[in-house]
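Per-entry structural report
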Amino acid sequence: MTSICENIQQIKSEIGNVELVVVSKTRSLAELQTVYDCGHRVLGENRVQEMAEKAEALPTDIQWHLIGHLQRNKVKYIAPFVHLIQAVDSIKLLREINKQAINNQRCIDFLWQIHIAQEDQKFGIKSTDLAGILAEFESLELKNVRCRGLMGMASFTKD
């Protein structure tokens, strides 16, 4: 049976020059420490409270990615340490992230989430609204957030 370290190295060799985000959802601190001990430093979590608890218990050089939908009232819990918020879907949320980044004297990277799925329960900006949101974002001159790109959640289908 292959070890966690061997699995991580195999995946990294197969994906090439792409950053691997190991998802920590439902994983124990011991499992995540093993991933860390293998040399991997990028973890993703979609639950704010779980992310904050894990970040407090694990080494501080882990780059935490919030990979799920984020409510504005929960930004304050991850603002001190989050490396990348992967799912910003509104200017209101972005303003809160900027506010909390200011409070923590840092700049927080983010990705705009575009709604590309066929399911209504998935979040994101409609592609028809993207140009307007980007123009509004530029006009706001939010100094403590930095856009790193776009992301989208595809529909879960057999093809």
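In the block above lies the structure referred to throughout.
We now turn to the structure provided with this report. Nothing here was measured: the structure is a model prediction, and the numbers come from that model.

**Quick look at the nonpolar core**
Counting residues in each nonpolar core, the largest one holds 36 residues, and the members touching the most others are Leu70, Ile85, Ile97 and Trp112. Contributions of two or more residues to this core are made by helix H2 (29-37), helix H3 (48-57), strand S3 (63-66), helix H4 (75-78), strand S4 (84-88), helix H5 (91-103), strand S5 (108-114) and helix H6 (130-140). When residues of this core are assigned to their parent elements, the largest contribution, five residues, is made by H5. Contact partners of tryptophan 112, with chain neighbours within four places excluded, come to Val88, Ser90, Ile91, Leu94, Ile125, Ile133, Leu134, Phe137, Cys147, Gly149, Leu150 and Met151.

**Remarks on the state of the cysteines**
Enumeration according to the criterion identifies one disulfide in this entry. Covalent S-S linkage joins cysteine 5 and cysteine 38, the inter-sulfur distance amounting to 1.6 Å. For the disulfide bridge between cysteine 5 and cysteine 38, the dihedral angle about the S-S bond is near -80°, and by the sign convention the bridge is left-handed. You can see cysteine 5 sitting in helix H1 (residues 4-15) and its partner cysteine 38 sitting in the loop between H2 and strand S2 (42-45), a full 33 residues away along the chain. By relative accessible area, cysteine 38 is classed as buried at 17%. Looking at cysteine 107, it has no disulfide partner, and the nearest cysteine sulfur is the one in cysteine 147, 11 Å off. Here cysteine 147 falls in the partly exposed class, since its relative accessible area comes to 32%.

What counts and how
Residues numbered from 1 in each chain as written. Predicted model: local features only at pLDDT ≥ 70, side-chain atom pairs only at ≥ 80, totals over all residues. Heavy atoms only, no water. Core = buried A, V, L, I, M, F, W, Y, C linked by side-chain atoms within 4.5 Å. Buried < 20%, exposed > 50% of the residue type's maximum accessible area, 1.4 Å probe, protein only. Helix = DSSP H or I, 4+ residues; strand = E, 2+ residues; numbered from the N terminus. Contact = heavy atoms within 4.5 Å. Disulfide = S-S within 2.5 Å.

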